[in-house]
Amino acid sequence: MPPKVHSTTYRTHTCGELRLSHAATTVTLCGWVFRIRPFGGMTFIDLRDRYGITQLVFNPQTDATLAEQAERLGREYIIQVTGQVVERSNKNPALPTGDVEVLVTRMQVLNASRTPPFTLEDQTDGGEELRMKFRYLDLRRRPLQQHLLQRHQVARAVREYLDGQGFVDIETPHLIKSTPEGARDFVVPSRLNPGQFYALPQSPQTFKQLLMVSGFDRYYQIVRCFRDEDLRQDRQPEFTQIDCEMAFVGREDVLQMFEHMVRHVFRRIRNLELTEFPRMSYAEAIRTYGTDKPDLRFGMTLHYLKDEYANLLGEHHFSVLDQAEVVAGISVPGAASFTRKQLDELTEFVRRPQIGAGGLITIRWQEDGSLKSSIDKYIAADTLLRYAEVLRARPGDLMLLIAGPASNTRRALSELRLELGRRLGLRSADDFRPLWVVDFPLLEYDAEQQRWAAMHHPFTSWHPDDDALLESDPARVRANAYDLVLNGVEIGGGSVRIHNRTDQMRMFRRLGLSEQEAEQKFGFILNAFEYGAPPHGGIAFGFDRFCSMIIANQEGIRDFIAFPKNNMGRDVMLDAPSDIDPELKKELGL
C-alpha cells in the first residue's frame, strides 16, 4: 500500500491510493490528465500523479455537461475531481488501483496545458536533447520518477547504515583553494578580492583528512563535487559522492566497513543478499581481463601467446605476430558458428578509433575437430591446435586474437570481451558481481610533462614493503589503495592516507613539487600533520553511478539525476553556461 498522504485543500487521496476498501466513499483527487478514452458514449480518463494512476468515469446520462467538459480536456491538463469510488467491471491487474474507478460528479480545471513536445509514456518518442530541454516534462514519465524515488531510498539506506556505525555527517566548504592536480577545477571569481578566485571542490579530500586530525574519527557526507573534464555517459561536470573517512584504521578495516554498507543497501533496495566480495590485485586484473574494472559475470579471460614472460607462437609465417609486443586472445564458447558478417562486425568493432586495434585474427574450432583461421596460409594446423590449448578452447569455440603494443592489445581485448558478453546475453541485469581491486601502482609516468604523477591522488600512502622503492624504482611502488568494482563499473575508490609531514613531503618531491610549491599549495595540511594526525583512510562512492548500478544495473547516470548536463556539459533547459552582464564582469574584474 502506498504511503497515506493526508488531506489537503485540494485532495483527499492520491491517484495511487484507492482500493476496493474505499468503495462507496466520496473522494477528491488532483493530477495530470494522462490518457483520454471515449467508449460507448462515456469518457474514461486516466488521472496521474507521482503515486499512481486512477481511472475516472464521465457518464453523459448522469451529467451531460460534465461529460462534454471532459471530452474537451487535453493531455497534461491539471484537474481536480470529486466523485464516488466504485468497483470496476473490467479490472486492470497491471495497476495497484486497477480494481476501482471514480464516477466523477464535479470537476475543475486547475491549469490547462499545451500539447507536450513528446509523449510522456514509459517508452517515449522524444530524442534525448529534446527531453533534456523539457526535463520538467520528462520527469513526469514513470521510469524517471521511479529512478529518482529509488535514488532517495538509496541515500536513506546509506545514511541509515553509516549513522548506525557511528559516522558523523559534516558539511565541508564549496568555495576552496584551487590545487591543479588531476582534473581541471571550476573557478569562481571573488568580487571582494579582485583578480583572485575560489575553486569548486573536486572532492572534500583534504577537509575530511583535516577532520580526522580534528578528532572526528568517523565522517561522512553525501556531497556535491565538480570537475571540469571531458564528459561521457557516466560522467557529469557536477556530481554527488558518498564521501567517507575513518581514523585508526588499516586497509582491511575500510574494506570490511564499506563491503557491509553495500550489502546493506542491496538488502534495502533490491531485497538481495550479495555473496562474496573477492579481492584481486591490479596486476592480475590487467593481465586476466585487460582492465582494472573487470566484469566477473562471465568468463572469456585473456590468454597470451606472446608477452614479456614467454613466446608460444611456434612455427608460423606471419610477420605481424613477430613484430607485436603482445599477442593475446580470448575463447568464445560455442561461437564457432558465427557468420562471416558477425566476424566482420567484430573486426570493425576493434578497429574503431576509440579502441585502436589493427585487426582481429579469428580461429574456428569446428565441431568436426578441424581448425579454420583467417591466417590459414601463414600457420599450420598443428600450430593452431597449440594456440587452442593456450586459449583453453574446445571444439565448437571461436578464438579471437589481437597483436600489438601491450596496453593497447589488453584494452582492445577487454572491450571486445565486453561487447561479446553483451551480444551473447552474458551480462545479466539480475546478476551482481562485486570485486575489490587492490595494490594499484602508486605512480604513473606522464611522458608529456616528463614527471611522475599520482595514479589516485597525492595523499595516498604506499605499501610499507615498497618504502625503499619510492626513490629508487617508483614504477614498482604499490599504492595502499582500493577500488570497488561492480559488473565492470567502478562504483567507489579510496586509500589509506599519508598521515605525517615527512612522508607527505617525500610524495610531493617524487611528484616534482619543490618544498616551496608544496608549502604554497598544501601548507595547511602539512602543518596539520605536525599536530598529531592519526592513521586514517577512506573511500568515496560516485553516488549517481552507485544508484544507476544498484537500481538498474546500468552504467549511464543521466536518468538518475534530476537535471543533468548534456555531452558538452551544457544545461540545454537553462541554456547554461552563458555570457553574463558586462557590468557584472566589470565588478568582478573580468
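Residues numbered from 1 in each chain as written. Predicted model: local features only at pLDDT ≥ 70, side-chain atom pairs only at ≥ 80, totals over all residues. Heavy atoms only, no water.

(A) How the structure looks around the pairing of strand β13 (residues 326–332). Burial of β13 is extensive: seven of the seven residues sit out of reach of the surface. Side chains V326, A328, I330 and V332 of β13 all project onto a buried face; the interleaved residues V327, G329 and S331 project onto the opposite face, where all are buried too. As defined by bridge partners, strand β12 (residues 303–306) adjoins β13 across three bridges and the pair is classed as antiparallel. For K306, the partnering residue across the bridge sits in β13 and is V327. (Buried < 20%, exposed > 50% of the residue type's maximum accessible area, 1.4 Å probe, protein only. Helix = DSSP H or I, 4+ residues; strand = E, 2+ residues; numbered from the N terminus. Pairing = 2+ DSSP bridges.)

(B) Region of the structure containing the packing of aromatic side chains. A complete count under the given rule lists 12 aromatic pairs for this structure. Measuring from ring centre to ring centre gives 6.0 Å for F167 and F258, while their planes differ by 65°; the resulting arrangement is edge-to-face. Placement of the pair is F167 in the loop between α4 (142–164) and β6 (168–169) and F258 in helix α6 (residues 251–270), with a sequence separation of 91 residues. Each member of the pair, F167 as well as F258, carries the same accessibility label: buried. When the centroid spacing of 5.3 Å and the interplanar angle of 40° are considered together, the rings of Y282 and F440 count as tilted. On the criterion of sequence distance, the pair formed by Y282 in helix α7 (residues 282–289) and F440 in the loop between β17 (434–438) and β18 (443–446) is long-range, its members being 158 residues apart. Three or more aromatic residues joined by ring pairs form one cluster here, namely F167, F258, F541 and F546. (Phe/Tyr/Trp six-rings, centres within 6.5 Å; stacked < 30°, edge-to-face > 60°.)

(C) The sheet that holds strand β5 (residues 100–111), seen in detail. Overall, mixed pairing links the five strands, which are arranged β1-β2-β3-β5-β4 in a closed barrel. Shown here is a sheet whose adjacent strand axes are inclined to one another by a mean of 55°, direction ignored. Against the sheet, helix α1 (residues 64–71) engages β2 (42–49), β3 (52–58) and β5, with an angle of about 70° to β5. (Axes fitted to C-alpha atoms, helices over the stretch in contact; angles between N-to-C directions. Contact = heavy atoms within 4.5 Å.)

(D) Structural view of the nonpolar core. Counting 42 residues, the largest nonpolar core has L162, F258, F541 and F546 as its most contacted members. The element best represented in this core is α6, accounting for nine residues. Those residues in contact with F541 that lie beyond four places of it in its chain are T240, Q241, I242, F258, M261, V262, L484, I491, G492 and F546. Among the nonpolar cores identified, the runner-up in size contains 26 residues, and F298, M300, Y304 and A412 belong to it. (Core = buried A, V, L, I, M, F, W, Y, C linked by side-chain atoms within 4.5 Å.)

(E) A look at the sheet that holds β13. Read across the open sheet, the five strands follow the order β12-β13-β16-β14-β15; overall the sheet is antiparallel. At either margin of the open sheet sits one strand with a lone partner, and together these are β12 and β15 (371–373). The average undirected angle you get between the axes of adjacent strands in this sheet is 25°.

(F) Here's a closer look at empty space enclosed by the protein. A complete count under the given rule lists one cavity of 30 Å³ or more for this structure. Within this model, the largest cavity holds a volume of roughly 40 Å³. Every residue along the wall of the largest cavity is listed here: M132, R135, F563, P564, D571, V572 and M573. Looking at side-chain class alone, the lining of the largest cavity contains five nonpolar, no polar and two charged residues. (1 Å grid on protein atoms, 1.4 Å probe; cavity = no way out; pocket = protein on both sides within 12 Å on 5 of 7 lines; lining within 4 Å. Points joined across faces, edges and corners; volume = space filled by probe spheres on them. Nonpolar A, V, L, I, M, F, W, Y, C, P; charged D, E, K, R; others polar.)

(G) Structural context of a nonpolar patch on the surface. Taken together, V187, F197, I580, L584 and L590 make up a surface patch of nonpolar side chains, about 440 Å² in accessible area. One can find I580 in the loop between α15 (543–552) and α16 (582–588). Under the relative-accessibility criterion, I580 is labelled partly exposed at 33%. (Patch = residues over 30% accessible without salt bridge, like charges linked within 9 Å, V, L, I, M, F, W, Y side chains within 5 Å. Areas by Shrake-Rupley, 256 points an atom, 1.4 Å probe, with all protein chains shown as cover. Salt bridge = Lys/Arg side-chain N within 4 Å of Asp/Glu carboxyl O.)

(H) Focus on the layout of surface pockets. Space inside the second largest pocket adds up to approximately 640 Å³. The wall of the second largest pocket is formed by 29 residues, among which R50, Y51, G52, R142 and Q146 lie closest to the centre. Among the elements of the structure, β1 (26–39), β2, β3 and α4 are those that each provide at least two residues to the lining of the second largest pocket. The biggest single contributor to the lining of the second largest pocket is α4, with five residues. Within the lining of the second largest pocket, the residues separate by chemical class into nine nonpolar, eight polar and 12 charged.

(I) Main features of the pattern of salt bridges. Scanning the model with the defined rule gives 48 salt bridges in all. In this structure, R251 and D439 form a salt bridge, with 3.1 Å as the shortest nitrogen-oxygen distance. Residue R251 is located in helix α6, and its partner D439 is located in the loop between β17 and β18; the two are separated by 188 residues in the primary sequence. Through salt bridges with shared partners, a single network forms among R35, R37, D46 and E121.

(J) How the structure looks around α1. If you check which residues of α1 are buried, you get L66, A67 and A70. Down the axis of α1, the smallest arc covering the buried residues is 100°, so these residues share one side. Exposed side chains of α1 directed beyond 90 degrees from the buried face belong to T65 and E71. Residues of α1 that are buried make contact with β2, β3 and β5. Measuring from the side-chain oxygen of the N-cap residue of α1 to the backbone nitrogen of T65 gives 3.3 Å; that N-cap residue is D63. (Arc of directions from axis to C-beta. Polar contact = N/O pair within 3.5 Å; in protein donor to acceptor, adjacent residues only side chain to side chain.)

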